[in-house]
Amino acid sequence: MAKIGINLKEGKIADKKEVIIGIDLGTTNSLVAYIKDGNAVAVKDKTGKNTLVPSIVHFASPTEVIVGDQAKERLISDPQNTIYSVKRLMGKSHQDVANFEQYFGYTILDEDTESLVKIRVGDRYYTPIELSANILTELKTRIEQSLGETVSKAVITVPAYFNDAQRQATRDAGKLAGLDVLRIVNEPTAASLAYGIGLDENADQTIAVYDLGGGTFDISILHIQNGIFEVLSTNGDTFLGGDDFDRAIVDFWLKQNNLNTKEVMQDKALSQALRLGAEEAKQKLSTQEEFKTEIQGIKGELTRADFNVLIQPLVDKTITACRLALKDAKLTTKDIDHIVMVGGSTRVPLVKTEVAQFFEKAIHDELNPDEVVALGAAIQADVLAGNQRDILLLDITPLSLGIETVGGLMDVIIARNAKVPSKVGRQYTTSVDGQVNLKIAVFQGERDMVTDNRKLGEFILKGIPPMPAGIPKIEIQFILNADGILKVKAKELRSGVEQEIDIKAQYGISEEEMAKMLIDSIQNAKGDMEKRALLEARNEANNIILSGEKFIVHNAKILSDEETKTTKALLEALRQTVAGEDKDAINKAMEELNAYTGPLAHRAMDVNIAAAMKGKKI
Ligand code: AMP
């Protein structure tokens, strides 16, 4: 039954609510969905057949941009002006993509290694954000034409492992396409929602989302409780998918025909024809047992049994990743309540049976695996529109977030795997007398020294009233919102001086790099610990030297010449050890100084208190 909204204030029938759209912005294909009569549906093209829009942008001229199927047709004939796989470049720097640059058929600008990548088309340069905005504009136009009304609000999905910079870039692309992005949602969360998992308020379930597309594989383990989605772990391979199945088939056919792969592949037109033939064979074998074709005189025959043998090692790789994801989440297959299949390659029967066998459970494959993420995004959009019970989305940070403290140490404020949204505050102080500015440098990573981690940004808290070192109370707050975007606030509590910034990382981080950072932190743990201990000892010693010097000046009258001389000598000895590399020597010198000055400090305190009491009128 349709509901009619009444605006009580104005006594009128309320305006029709604007639809909020759900968008799956994919590496290979993108699509848009919305809720129609209570059901999520993906929007089709003019022919009424396809819901997928290839994520490909072709520049016919600087002012004529073509997106989707028509752009795909130009991929071979005009590769320099046809951009694909732009999602792989979102929020990344040249350094990040240097290893797989040769993989792209177009030109990536390589001047400034530290800044975000740009793509050269003719004599113009485009950022991945602009190119993604072109794809989003195409999707927006498609749904506007289908509905006959304008839309301006959207939910866009991203992989669960996307970091701050990549999420921010996706949000910016939406903005550029004229969309108000209400929420960035994790793809596995959206896929679960499409199956209605998590919509029940009392649900307490663990879900494995297996996503095998054309070029990428992701496994995510989610937990849903009280309508809250939490990503427990992710794993996968950014270069494993259906394209590899196609390649295996081409190799098999060439071998059967006694042809040399390298030679044949040099003929671009022939290699492309073979690749398309192999893809057709693969897709047909999802529903039939045998396939036969002939491509420019080359016989291509394949049975499903042979195909299974060819792809078994690739499927095994995905199962290994599932095992690792479960291990990271500290779970076993028995703990998994649902298995959701996403991505075109999950139509392959061997993939279905191997996944079901591994998890020892039936899989969810009733919905179109190409559409599930967009359908779930539409459901999330509907939730945000207030049409369904509110569901929260919870995420985890893949790497720790913290700031640099004295000596270049990393002080973790939000730890790796902490739940998001998250808000953590911690108090700091100054290390120099009369310090009026404090630099706050924000880093991401697991190592003890900030130089080994990745800098996200920095800012300066200015105008701290001059006070002795250690007196200002500076509260630093890290606020990580539901999209995984970080805001950092700094406030000097005594004076109320404050400053805040949104951390927009200058460039992103690849999954490989993220894995490397974690491995590095484990391998270097011992060395890091020693370095940290030395630095901490040095910091403590410097503080003691500072207060020791103040103590001598303030208590000149109380101390004998001998006492002053010995204290100075012990301070000097400590200073010498600080210049060295031996943390035990520093600690020993500190102990000696403390042992000697302890009784002096007591005496000084007694004298000072007595003096204060004398002056006090009762
Ligand atoms: P996606 O990136 O999720 O759009 O998945 C695209 C991949 O799914 C491509 O490698 C397609 O060849 C593959 N695919 C699509 N339909 C089928 C099918 N019926 N059987 C096997 N693979 C398929």
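Residues numbered from 1 in each chain as written. Predicted model: local features only at pLDDT ≥ 70, side-chain atom pairs only at ≥ 80, totals over all residues. Heavy atoms only, no water.

## Describing the overall build of the protein
- Looking only at helices and strands, the protein has 15 helices and 31 strands in total.
- The proportion of buried residues among the 618 residues of the protein is 49%.
- Sequence-distant contacts, at least 24 apart, represent 65% of the contacts inside the protein between residues at least 6 apart.
- Carbon together with sulfur atoms contributes 51% to the accessible area of the protein, which is approximately 30400 Å² in total. (Helix = DSSP H or I, 4+ residues; strand = E, 2+ residues; numbered from the N terminus. Buried < 20%, exposed > 50% of the residue type's maximum accessible area, 1.4 Å probe, protein only. Contact = heavy atoms within 4.5 Å. Areas by Shrake-Rupley, 256 points an atom, 1.4 Å probe, with all protein chains shown as cover.)

## Digging into the sheet that holds strand β10 (residues 107–108)
- In space, the 3 strands of this open sheet follow the order β10-β11-β12, with antiparallel pairing throughout. The open sheet has two edge strands with one neighbour each: β10 and β12 (124–126).
- Summarising the sheet, β10 and strand β11 (residues 119–121) pair through 2 bridges and their orientation is antiparallel. Within β11, the residue paired with Ile108 across the bridge is Ile119. (Pairing = 2+ DSSP bridges.)

## Quick look at the site of the ligand
- Close to the ligand lie 16 residues, the nearest being Glu279, Lys282, Ser286, Gly344 and Arg347.
- Within the side chain of Ser286, one N or O atom sits 2.7 Å away from a nitrogen atom of the ligand.
- Within the backbone of Ser345, one N or O atom sits 3.2 Å away from an oxygen atom of the ligand.
- Here the ligand loses 84% of its free accessible area of 510 Å² to cover by the protein chains. (Near = heavy atom within 4 Å. Polar contact = N/O pair within 3.5 Å; in protein donor to acceptor, adjacent residues only side chain to side chain.)

## Quick notes on the pattern of salt bridges
- Tallied over the entire structure, the rule returns 22 salt bridges.
- One salt bridge connects Lys87 with Glu187, and the closest N-O pair in it is separated by 2.7 Å. Of the two residues, Lys87 sits in the loop between β9 (82–83) and α2 (94–97) while Glu187 sits in helix α5 (residues 187–194), which places them 100 residues apart along the sequence.
- When its relative accessible area of 12% is taken as the criterion, Lys87 is described as buried.
- Here Glu592 and Lys588 are joined by a salt bridge, their closest N and O atoms 3.7 Å apart. Here Glu592 and its partner Lys588 are both found in helix α15 (residues 583–615), 4 residues apart, which amounts to about one turn of the helix.
- In this structure, a network of salt bridges that share partners links the residues Asp246, Arg275 and Lys282. (Salt bridge = Lys/Arg side-chain N within 4 Å of Asp/Glu carboxyl O.)

## Considering the sheet that holds strand β23 (residues 401–405)
- Strands sit in the order β24-β23-β27-β28 across an open sheet of 4 strands; the sheet is antiparallel. Since the sheet does not close on itself, it has two edges, and those belong to β24 (409–414) and β28 (454–461), each with one partner. Strand-to-strand twist in this sheet, taken as the mean axis angle between neighbours without regard to direction, amounts to 30°.
- Of the pairings in the sheet, the one linking β23 to β24 comprises 5 bridges and is antiparallel in character. Bridging from a neighbouring strand, Ile403 pairs with Asp411 of β24. (Axes fitted to C-alpha atoms, helices over the stretch in contact; angles between N-to-C directions.)

## Looking at the packing of helix α6 (residues 242–256) against helix α8 (residues 268–284)
- Running from amino to carboxyl end, α6 crosses α8 at an angle of 110°, the nearest separation of the two axes being 8 Å. With respect to α8, the element α6 is oriented roughly perpendicular. Judged by residue contacts, Gly242, Phe245, Asp246, Ile249, Val250, Trp253 and Leu254 of α6 engage Leu274, Arg275, Gly277, Ala278, Glu279, Ala281 and Lys282 from α8.
- For the contact of α6 with α8, the class distribution of residues is 8 nonpolar, 2 polar and 4 charged. (Parallel < 35°, antiparallel > 145°, perpendicular 65-115°, else oblique. Nonpolar A, V, L, I, M, F, W, Y, C, P; charged D, E, K, R; others polar.)

## As for the environment of Leu399
- Structurally, Leu399 is set in the loop between β22 (395–396) and β23.
- The class for Leu399 is buried, based on a relative accessible area of 1%.
- Spatially, the C-alpha atom of Leu399 lies 8.8 Å from that of Ile414, the residues being 15 residues apart in sequence.

## Re α6
- With 15 residues, α6 extends 21 Å between its outermost C-alpha atoms, agreeing within 8% with the 21 Å of an ideal straight helix rising 1.5 Å per residue.
- Along α6, the residues classified as buried are Gly242, Asp244, Phe245, Asp246, Ala248, Ile249, Val250, Phe252, Trp253 and Leu254.
- At the C-terminal side of α6, Asn258 shows a positive phi close to 55°. (Expected span 1.5 Å × (residues − 1).)

## Remarks on the nonpolar core
- Ranked by size, the top nonpolar core spans 43 residues in total, and within it Tyr210, Ile219, Phe245, Trp253, Val351, Val355 and Phe359 carry the most contacts.
- In terms of residue count, the dominant contributor to this core is helix α9 (residues 304–328) (9 residues).
- Counting 41 residues, the second largest nonpolar core, distinct from the first, contains Val117, Ile119, Tyr126 and Phe162. (Core = buried A, V, L, I, M, F, W, Y, C linked by side-chain atoms within 4.5 Å.)

## Regarding the environment of Ile221
- For Ile221, the position within the fold is in strand β16 (residues 217–225).
- Assessed through its relative accessible area of 0%, Ile221 is described here as buried.
- Sequence separation between Ile221 and Leu326 is 105 residues; the distance between their C-alpha atoms is 7.1 Å.

## Thoughts on helix α11 (residues 372–384)
- With 13 residues, α11 ought to run about 18 Å at 1.5 Å a step, and its terminal C-alpha atoms sit 18 Å apart, in line with that.
- What α11 keeps buried is the set Val372, Val373, Ala374, Leu375, Gly376, Ala377, Ala378, Ile379, Gln380, Ala381, Asp382 and Val383.
- Within two residues after α11, Gly386 carries a phi angle of roughly 85°, on the positive side.

## As for the environment of Ile586
- Inspection of the secondary structure assignment puts Ile586 in helix α15.
- Excluding residues within four positions of it along the chain, Ile586 makes contact with Leu534, Ala537, Arg538, Ala541, Leu574, Thr577 and Val578.

## Describing the packing of aromatic side chains
- If you walk through the whole model with that rule in mind, you get 6 aromatic pairs.
- Ring plane angle 80° and centroid distance 4.9 Å describe the contact between Phe358 and Phe359, whose orientation is recorded as edge-to-face. (Phe/Tyr/Trp six-rings, centres within 6.5 Å; stacked < 30°, edge-to-face > 60°.)

## Focus on the confidence of the model for the protein
- Taken residue by residue, the protein gives an average pLDDT of 86. The fraction at 70 or more is 87%.
- In this model, residues 1–14 is a region of pLDDT below 50 whose contacts with residues beyond four sequence positions or in other chains number 9 contacts.
- Contacts from residues 390–394, a stretch scored under 50 in pLDDT, to residues over four places away or in other chains number 23 contacts. (pLDDT = per-residue confidence, 0-100.)

## With respect to the side chain of Asn539
- Tracing the backbone through its elements, the reader meets Asn539 in helix α13 (residues 525–554).
- In this structure Asn539 comes out as buried when scored by relative accessible area, which is 18%.
- Among the polar contacts listed, one links the side chain of Asn539 to the backbone oxygen of Val406, at a separation of 3.1 Å.
- Beyond its immediate sequence surroundings of up to four residues, Asn539 is in contact with Val406 and Leu409.

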